[in-house]
Amino acid sequence: MEYTLTKGFFYIRKNTKPGSWTLYYEYTENAKTVQQRVPDLGYSSLGVDPNLSLEEARKRIKRLNQERSLKKKDIKSKIAAAHNVATLNSYDKVLFPQEYVDEFATKVLNKGFGGDAHKKKIRVHFNFIQKMIKSLRLLPYQYSENQESIYRYFIKQKVSLSYARKLVSMLNAWGQFVSKKETKYFGPLNSPRANAAWEISDSQRTKKGKTSELGVRTESNPLPPDLLEKFKTKMNVETYNYLFITVWFGLRPYEVEQLSDTSTWSVIEEGGVQALKIYQSKLKNLERSKRFKFIPILYKEQEKALKIIKEGQYKRPTAKAVRKIFGSNITLYGGRKNFTDLMLKLGQKIKDVSLWLGHADISTTWKSYKQKNILTYTKVG
């Protein structure tokens, strides 16, 4: 039977056997109420697991009826007419049920390595996609077929291409989570490519206003060592030390944050050279043993940075504080932005520097250099 959207609803009928239940469909036809038992083979097409407990089944059917109700409405016209928080909250129950969000936060958002700041950033990503999905009114199975609408949302919000890709990853994680719970197929959304990638990147270049604390950010100018030293008196010791670490190890902000967890890094020695071994939580597609990057400690400044890390005498400054010190064109990524130039000026090779940075093509780098000593370096001085 075809369960149309224009009429009817589903409900659970408790059986005489304790804990067992049966799914029914009720609708009105010719002024008469019709109740029909849903065939066992029809459960999967509705995303209903027959092995659910009675209470779980009732919750799932309540959500199923809400989803069907959502599809029946002209969402855009409703939003245009309403413009109030109550309207948005009514859709939260369908698009982001509280029990799902709570479980997702426990199983997905709080998993993995990284300090509190990193986990906070992940939650910011999730908050962004909640706002986006509530605006677009899409259920997980609709993400892929509406990817252009999602890309247009990114363009309108002027997010960076790298941030858009992180949001797509988060959106897919949520979609997979919900679909698994409801035994539905989920086709993941593709990461922006070609024209879409160019348009997202191009729109972000025109972004004005302040840099976000944790989410969307404009491209940072480099922060070289001499500039850091010039403004040293304008910052406290912990802020200076934090930026000093980023300058001399080329670390991302979240990588500095996770240094507070000693299980995510260590110091190794090979060929008489020490190296900082750092876990990269973003490389989930690789085996755990290949998620580390190695940064040789070749200079006295790096030895100083290592000492700061061991003593824990550093603290992440706010984006506002960094702007106040250096101006609006330098962010917490400034030290990393300058790392390549700094190392090249000191005599290092570009292929080695890219490896120390753990760039986006790290999987390719690992294949190319798997037979090569990861601590290849040019000893200077």
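Above: the structure in question.
**Quick look at unusual backbone geometry**
Item 1. Phi at arginine 137 is positive, roughly 60°, even though this residue is not glycine.
Item 2. Within the secondary structure layout, arginine 137 lies in the loop between α5 (116-136) and α6 (147-157).
Item 3. The exposure class assigned to arginine 137 is buried, which follows from its relative accessible area of 8%.
Item 4. Its identity as a non-glycine residue notwithstanding, lysine 158 has a phi of 55°, on the positive side.
Item 5. With respect to the helices and strands, the residue lysine 158 is situated in the loop between α6 and α7 (161-181).
Item 6. Classification of lysine 158 as partly exposed rests on a relative accessible area of 29%.

**Points about the sheet that holds strand β6 (residues 292-296)**
Item 1. The strand order across the open sheet formed by three strands is β4-β5-β6, and the pairing between neighbours is antiparallel. Two strands in the sheet have a free side with no partner beyond their single neighbour: β4 (265-270) and β6. Across this sheet, the average inter-strand angle for adjacent strands is 30°, counted without regard to direction.
Item 2. Bridge count for β4 against strand β5 (residues 273-279) is six bridges, and the pairing is antiparallel. Paired with valine 267 across the two strands is leucine 276, which belongs to β5.
Item 3. In the packing of helix α12 (residues 300-311) onto the sheet, the strands contacted are β4, β5 and β6, and the crossing angle to β4 comes to about 140°.

**Side note on the pairing of β5**
Item 1. When you tally the buried positions in β5, you get five out of seven residues, the bulk of the element.
Item 2. Of the strand pairs in this sheet, β5 and β6 are connected by five bridges, and their pairing is antiparallel. In the strand pairing of β6, leucine 276 is matched with isoleucine 295.

**What to know about the pattern of salt bridges**
Item 1. Counted under the stated rule, the structure contains eight salt bridges.
Item 2. A salt bridge links glutamate 255 to lysine 293, with the nearest nitrogen and oxygen atoms 3.1 Å apart. Of this pair, glutamate 255 sits in helix α11 (residues 253-257) while lysine 293 sits in strand β6, and the two are 38 residues apart along the sequence. This pair shows no difference in class: glutamate 255 is buried, exactly as lysine 293 is.
Item 3. One network of salt bridges, in which partners are shared, links Arg60, Arg63 and Glu182.

**With respect to the packing of helix α4 (residues 98-109) against α7**
Item 1. Put simply, α4 and α7 touch, their axes get as near as 11 Å, and they point 120° apart. Put simply, α4 runs oblique to α7. Judged by the twist between their axes, the crossing of α4 over α7 is right-handed. Packed against α4, whose contacting residues are Tyr100, Val101, Glu103, Phe104, Lys107 and Leu109, the element α7 presents Met170, Ala173, Trp174, Phe177, Val178 and Lys181 at the interface.

**Some remarks on the sheet that holds strand β1 (residues 9-14)**
Item 1. One open sheet holds the three strands; their spatial order is β1-β2-β3, and the pairing between them is antiparallel. Only two strands of the sheet have a single neighbouring strand rather than two, namely β1 and β3 (32-37). Put simply, the sheet's adjacent strands are angled 35° from each other on average, direction ignored.
Item 2. Pairing analysis gives six bridges linking β1 to strand β2 (residues 21-29), with the strands arranged antiparallel. Residue pairing across strands places phenylalanine 9 opposite glutamate 26, the latter belonging to β2.

**Concerning the packing of aromatic side chains**
Item 1. This structure, assessed with the given rule, holds 21 aromatic pairs.
Item 2. A ring pair is formed by tyrosine 240 and phenylalanine 244, whose centres lie 5.8 Å apart and whose planes are at 40°; its orientation type is tilted. Taken together, the residues tyrosine 240 and phenylalanine 244, both in helix α10 (residues 237-249) and four residues apart, mark about one turn of the helix. Both residues of the pair, tyrosine 240 and phenylalanine 244, count as buried.
Item 3. Summarising the aromatic geometry, the rings of tryptophan 248 and tyrosine 299 are spaced 6.5 Å apart at their centres and angled 50° between planes, so their arrangement reads as tilted. Linking tryptophan 248 in helix α10 with tyrosine 299 in the loop between β6 and α12, this pair joins segments that are 51 residues apart in sequence.
Item 4. The buried category is assigned to tyrosine 299, whose relative accessible area is 9%.
Item 5. By way of ring pairs, the aromatic residues Phe96, Tyr100, Phe104, Phe126, Trp174 and Phe177 are connected into one cluster.
Item 6. Taking NZ or CZ as reference, arginine 13 lies 3.9 Å from the ring centre of tyrosine 24, over its face.
Item 7. In this structure, lysine 304 packs its charged tip against the face of phenylalanine 244, placed 4.6 Å from the ring centre.

What counts, and where the lines are drawn
- Residues numbered from 1 in each chain as written.
- Predicted model: local features only at pLDDT ≥ 70, side-chain atom pairs only at ≥ 80, totals over all residues.
- Heavy atoms only, no water.
- Helix = DSSP H or I, 4+ residues; strand = E, 2+ residues; numbered from the N terminus.
- Buried < 20%, exposed > 50% of the residue type's maximum accessible area, 1.4 Å probe, protein only.
- Pairing = 2+ DSSP bridges.
- Axes fitted to C-alpha atoms, helices over the stretch in contact; angles between N-to-C directions.
- Contact = heavy atoms within 4.5 Å.
- Salt bridge = Lys/Arg side-chain N within 4 Å of Asp/Glu carboxyl O.
- Parallel < 35°, antiparallel > 145°, perpendicular 65-115°, else oblique.
- Left-handed = near helix turned anticlockwise from the far one by under 90°.
- Phe/Tyr/Trp six-rings, centres within 6.5 Å; stacked < 30°, edge-to-face > 60°.
- Lys NZ or Arg CZ within 6 Å of the ring centre and 35° of its normal.

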